[in-house]
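The primary structure of each chain is shown beneath.
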Amino acid sequence: MKKIIKNGTIVTATDTFEAELLIEDGKITQIGSNLLAVGAEIIDAKGCLVFPGGIDPHTHLDMPFGGTVTKDDFESGTIAAAFGGTTTVIDFCLTNKGEPLKKAIQTWHEKAKDKAVIDYGFHLMISEINDNVLKELPQVIEEEGITSFKVFMAYKNVFQADDETLFKTLVTAKELGALVMVHAENGDVIDYLTKKALEEGKTDPIYHALTRPPELEGEATGRAAHFTGLANSQLYVVHVSCAEAAEKIAEARKKGYDVWGETCPQYLVLDQSYLEKPNFEGAKYVWSPPLREKWNQDVLWNALKTGQLQTLGSDQCSFDFKGQKELGRGDFTKIPNGGPIIEDRLTILFSEGVKKGRISLNQFVDITSTRIAKLFGLFPKKGTIAVGADADLVIFDPNIERVISAETHHMAVDYNAFEGMKVTGEPVSVLVRGEFVVRDKQFVGKPGSGQYLKRAKYNVNSQLTQNQTLSI
Ligand SMILES: NC(=O)NCCC(=O)O
Ligand SMILES: [Zn+2]
Ligand SMILES: [Zn+2]
């Protein structure tokens with residue numbers, strides 16, 4: 001059905017203006033004033049901002065980890081995402097050594113297909129590079145439209161790949177037109193430090209952070225960036241948590257390397273002291289990389305403001321406190337890593353970033369949507385408000401004040417990492433390809449309505465804007 005959105009303030013990564021939007025067949029077909037279309041439903045966005053749906057480039061839905069499986073799957077996870085103003089997720093498809101990539105991708109399609117309420121794509125984890133993998137990767141790109149590969153530099157004996165694999169992945173990605181994503185922590189040294197801590201009887205959640213110091217994130221980030229320069233390839237560093245890593249990304253970009261960085265809401269507003277909460281509650285805040293000393297938050301905010309970090313992912317990877325995080329009582333290495341963030345990603349950045357003057361409204365759109373669409377081959381279909389783009393839209397009340405709580409969130413977990421936090425701003429209605437998924441704060445979507453997205457190849461030239469000086 002045709003729709004006209006009236007009376008809202010349109011916000012893109014570059015502009016803010018008053019206009020009406022006409023939506024036909026899932027696309028934006030006109031932007032202007034006094035729009036008319038026979039039979040169109042009129043949607044009043046008075047007092048609200050209208051911006052492109054958020055794109056979450058970093059989710060782990062229905063993912064096995066540490067002997068358990070994330071609580072949110074593609075249904076609850078994407079419903080929660082929609083309530084938070086996200087209309088596309090790109091989830092990590094895990095692979096096992098020796099197994100065809102096709103099989104892993106099929107498994108991920110099965111997880112998502114009848115469940116997702118918003119659109120979705122996959123990144124592919126690379127655990128090894130051998131002749132079989134090299135033969136399959138061109139098909140992965142051409143047939144599946146998976147144009148980003150993920151290499152873990154940590155989680156020894158689980159996900160961790162060695163330097164040779166990372167370097168070969170960078171070389172291959174350059175040839176094929178894919179973006180290489182890294183979890184950058186030095187897994188070997190972390191392994192040594194964690195074993196030592198356990199031997200010394202240090203078993204509480206705080207030792208998760210103390211055995212993964214920022215130096216090891218900085219070192220791995222710098223190593224991956226050097227490899228990228230050497231391979232003349234392209235790199236995206238996920239979940240940057242600290243000054244050491246942000247500095248390495250800035251250094252690499254200064255040299256002209258094609259290196260990008262993502263941070264997450266938890267690193268912007270929570271800190272290491274949360275891991276010391278009594279009654280084992282610190283386990284709720286166990287992420288890898290870990291939460292850092294508070295001063296790092298200013299560094300991360302500044303890096304977002306100045307463009308040295310470009311995106312915000314949620315790293316959604318949710319486990320209940322009861323029964324799942326509790327697996328690590330008496331041994332912090334058994335606490336499943338990760339937390340429930342998908343729903344609050346945009347609100348945290350808006351409330352703590354835009355409202356507090358740390359970033360502009362247009363930067364907010366760029367960081368949560370436009371830049372991500374460009375990096376991951378979805379632009380201009382996704383990530384902007386323009387004629388011809390998908391009508392993935394958020395109607396957002398910028399003035400409403402509320403308190404984040406597990407009592408009211410839509411994720412399937414029994415706690416919220418931002419419990420009790422006062423925030424300003426909330427999505428009122430959210431549309432995916434012109435159809436409401438959330439309307440007046442009620443879920444009206446349908447599991448299985450989300451579409452799989454084949455993405456275009458990585459192209460550095462589509463990344464640059466007037467404000468950027470990266471010279472590749
Ligand atoms: N980040 C985290 O602690 N869990 C999810 C897996 C990962 O991204 O490393
Ligand atoms: Zn990671
Ligand atoms: Zn992750």
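The structure reproduced in this document is the subject of the present report. (Residues numbered from 1 in each chain as written. Chains lettered and ligands numbered in written order. Predicted model: local features only at pLDDT ≥ 70, side-chain atom pairs only at ≥ 80, totals over all residues. Heavy atoms only, no water.)

Within the largest apolar cluster, 115 residues are counted, with the highest numbers of intra-cluster contacts made by Phe51, Leu124, Leu137, Leu166, Val182, Leu349 and Phe364. Setting aside anything within four residues of it in sequence, one finds Leu124 in contact with Cys93, Thr95, Leu101, Ile105, Leu137, Val140, Ile146, Ser148, Phe149 and Lys150. By size, the runner-up hydrophobic cluster in this structure holds 17 residues, among which are Ile23, Leu393, Leu431 and Phe436. (Core = buried A, V, L, I, M, F, W, Y, C linked by side-chain atoms within 4.5 Å. Buried < 20%, exposed > 50% of the residue type's maximum accessible area, 1.4 Å probe, protein only. Contact = heavy atoms within 4.5 Å.)

This part covers unusual backbone geometry. Residue Pro289 is reached from Ser288 by a cis peptide bond, and omega for that bond is -5°. Note that the residue after Phe379, namely Pro380, is joined by a cis bond; omega there is 5°. By the secondary structure assignment, Pro380 is in the loop between helix H12 (361-375) and strand E18 (393-403). Its identity as a non-glycine residue notwithstanding, Asp440 has a phi of 45°, on the positive side. (Helix = DSSP H or I, 4+ residues; strand = E, 2+ residues; numbered from the N terminus.)

What the rule picks out here adds up to 36 salt bridges. One salt bridge connects Lys6 with Glu20, and the closest N-O pair in it is separated by 3.3 Å. Here Lys6 is found in strand E1 (residues 3-6), whereas its partner Glu20 is found in strand E4 (residues 20-24), with 14 residues between them in sequence. A relative accessible area of 11% means that Glu20 is categorised as buried. The residue Asp392 makes a salt bridge to Lys382 at a minimum N-O spacing of 2.8 Å. Separated by 10 residues along the polypeptide, Asp392 in the loop between H12 and E18 and Lys382 in the loop between H12 and E18 bring together distant segments of the chain. (Salt bridge = Lys/Arg side-chain N within 4 Å of Asp/Glu carboxyl O.)

A word on the coordination of the zinc ion (ligand 2). Protein coordination at the zinc ion (ligand 2) comes from His183 (ND1) and His239 (NE2), with a distance range of 2.0 to 2.1 Å. Taken together, the 4 donor atoms surrounding the zinc ion (ligand 2) define angles of 57 to 153° at the centre, an arrangement classified as irregular. (Donors = N, O, S within 2.8 Å, 3.2 Å for Na, K, Ca; no water. Tetrahedral: all angles 85-135°; square planar, octahedral: opposite > 155°, others 65-115°.)

Another point: the packing of aromatic side chains. Scanning all chains against the criterion turns up 18 aromatic pairs. Seen in terms of ring centroids, Phe122 and Tyr452 are 5.2 Å apart; in terms of plane orientation they differ by 45°. Their pairing is tilted. Remark: Tyr452 occurs in the segment after strand E21 (442-443) and Phe122 occurs in strand E12 (residues 119-125); sequence separation between them is 330 residues. Given a relative accessible area of 0%, Phe122 falls into the buried group. The structure contains a cluster of three or more aromatic residues connected by ring pairs, namely Phe65, Phe152, Tyr155, Phe159 and Phe319. Its guanidinium or amino end placed over the ring of Phe321, Lys284 lies 5.2 Å from that ring's centre, counting from NZ or CZ. (Phe/Tyr/Trp six-rings, centres within 6.5 Å; stacked < 30°, edge-to-face > 60°. Lys NZ or Arg CZ within 6 Å of the ring centre and 35° of its normal.)

His58 (NE2), His60 (NE2) and Asp315 (OD) make up the full set of protein donors to the zinc ion (ligand 3), lying at 1.9 to 2.2 Å. Taken together, the 4 donor atoms surrounding the zinc ion (ligand 3) define angles of 86 to 135° at the centre, an arrangement classified as irregular. Donor residues for the zinc ion (ligand 3), ordered by position in the chain, follow H-x1-H-x254-D. A separation of 3.8 Å is found between the zinc ion (ligand 3) and the zinc ion (ligand 2). Assigned by exposure class, His58 and His60 land together as buried.

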